[in-house]
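# A look at the structure
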Amino acid sequence: MIIETLIAHVVSYFYFQPTRTGDPKEKYAVSQSLHFVCGLLFTSVIIYGLHDGSDGFTLKWLVIVSGLLFGYILFENKIKNPLNFFFTSNLSSEHALHMFYVKNRSIVQFVIQQMLYLLWIFILNELVTVSDDPWILVGIGIVFLLIFMVSLYALNRKESGSHYPWNRLLKHASTYIVLSAVTLILLQILLQGLELLQLATFPVGAFVTQSPYRMLIALSFVLLLLMKPTNLVIRAVSSKYDPKKDAALASQTEQDSGFKGAGAMIGNLERLLILLSFFFGSLLSVVAILSIKAFARYKLIAEDPYFSEYFVIGTMLSVLITFSCYALLVLLLV
């Protein structure tokens, strides 16, 4: 059940969060929390539709969902800012860690935040595993849900005269339910296809020993990690090497750059193709994929040493994360 919980967190935290605008902080916090709710609703419909519902899955999943809501609103509104302030104020300027933190502030904060979320997810799964009494699980779920609702209400009331448009939330929720139903149908078709693939021969023999449901959940989790979360990590790590940050270098780089968002799409396709190459044991394909990417940026790489270094850092990091996700996929399916 841990993989399903991680999928719910990744989808809700990375894929359903709105882009921040000029709204007040409290109103934006409410919007974030409600989109997190929509992400959990979307994921829950799909996972519940794919799972067979055995071993009290429904009750345990409801406790986990309420626990994720509680953990999210507690961390984002009570722990996140004090934690960042703690690291900023307690690291001496003469300490080596201070310089490392200043240079890599965004990625360090991101890693620490996700580690805390992971810790809470493991605690939730241990909680529903150890507790056999359904009434205890119901009580825990109700407490988590009540704390979340009270906190959300307090956030909504904090900004005087400003209230979140709940009718818009209902429209979003209904849209996500329809999308989740369509996604569920497609995944059920894919699930049937995975049953047929069990008869095929893969380079990694352990894959065929897993149930189609386990294979689908593991593949979905790895693919979700490879897309938006990986883009955010690569951007955070390589941003300080971006030549666009230097005004003197930005003009030429912007003139030669392509469509907005094309880099992220290229990165997603690159990692997907490299993962498939690892999966089928075709390492020569990895060389071809990276060559195509380098060819597309050949002019900038050849003429701009700053961009070439930035390009290599991003590409190597992308390949490293893809290989790590492939190793994780193997571990999940063994």
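Report follows, based on the coordinates. (Residues numbered from 1 in each chain as written. Predicted model: local features only at pLDDT ≥ 70, side-chain atom pairs only at ≥ 80, totals over all residues. Heavy atoms only, no water.)

## Topic: the overall build of the protein chain
- Scanning the protein chain from N- to C-terminus turns up 14 helices and zero strands.
- Going from N to C terminus, the protein chain has its helices and strands arranged as α-α-α-α-α-α-α-α-α-α-α-α-α-α.
- Considering the protein chain as a whole, with its 334 residues, one finds that 41% of them fall into the buried category.
- When contacts within the protein chain are restricted to residue pairs at least 6 apart in sequence, those whose partners lie at least 24 apart make up 76%. (Helix = DSSP H or I, 4+ residues; strand = E, 2+ residues; numbered from the N terminus. Buried < 20%, exposed > 50% of the residue type's maximum accessible area, 1.4 Å probe, protein only. Contact = heavy atoms within 4.5 Å.)

## Some details on the packing of helix α1 (residues 2–15) against helix α9 (residues 228–238)
- The geometry of α1 relative to α9 is characterised by a closest axis approach of 10 Å and an angle of 55° between their N-to-C directions. Classified by the angle their axes make, α1 and α9 are oblique. Touching Val10, Phe14 and Tyr15 of α1 are Lys228, Pro229 and Leu232, all from α9.
- Here the residues of the contact of α1 with α9 sort into five nonpolar, no polar and one charged. (Axes fitted to C-alpha atoms, helices over the stretch in contact; angles between N-to-C directions. Parallel < 35°, antiparallel > 145°, perpendicular 65-115°, else oblique. Nonpolar A, V, L, I, M, F, W, Y, C, P; charged D, E, K, R; others polar.)

## Points about helix α12 (residues 283–296)
- Compared with the 20 Å implied by 1.5 Å per residue over 14 residues, the 21 Å span of α12 between its first and last C-alpha is a close match.
- Residues Val286, Ile289 and Lys293 constitute the buried set of α12. Along the axis of α12, the buried positions cluster into a sector of 65°, meaning they face one direction only. Looking at α12, the residues exposed on the side facing more than 90 degrees away from the buried face are Leu284, Ile292 and Phe295.
- For α12, the elements touching its buried residues are α11 (262–279) and α14 (305–333). (Expected span 1.5 Å × (residues − 1). Arc of directions from axis to C-beta.)

## Comments concerning the pattern of salt bridges
- Tallied over the entire structure, the rule returns two salt bridges.
- For Glu4, the salt bridge goes to Arg214, with nearest N and O atoms at 2.7 Å. With Glu4 in helix α1 and Arg214 in helix α8 (residues 212–226), this residue pair connects regions lying 210 residues apart in the sequence.
- On the basis of relative accessible area, Arg214 is assigned to the partly exposed category, the value being 29%.
- In this structure, Glu270 engages Lys293 in a salt bridge whose closest nitrogen and oxygen atoms are separated by 2.7 Å. Here Glu270 is found in helix α11, whereas its partner Lys293 is found in helix α12, with 23 residues between them in sequence. (Salt bridge = Lys/Arg side-chain N within 4 Å of Asp/Glu carboxyl O.)

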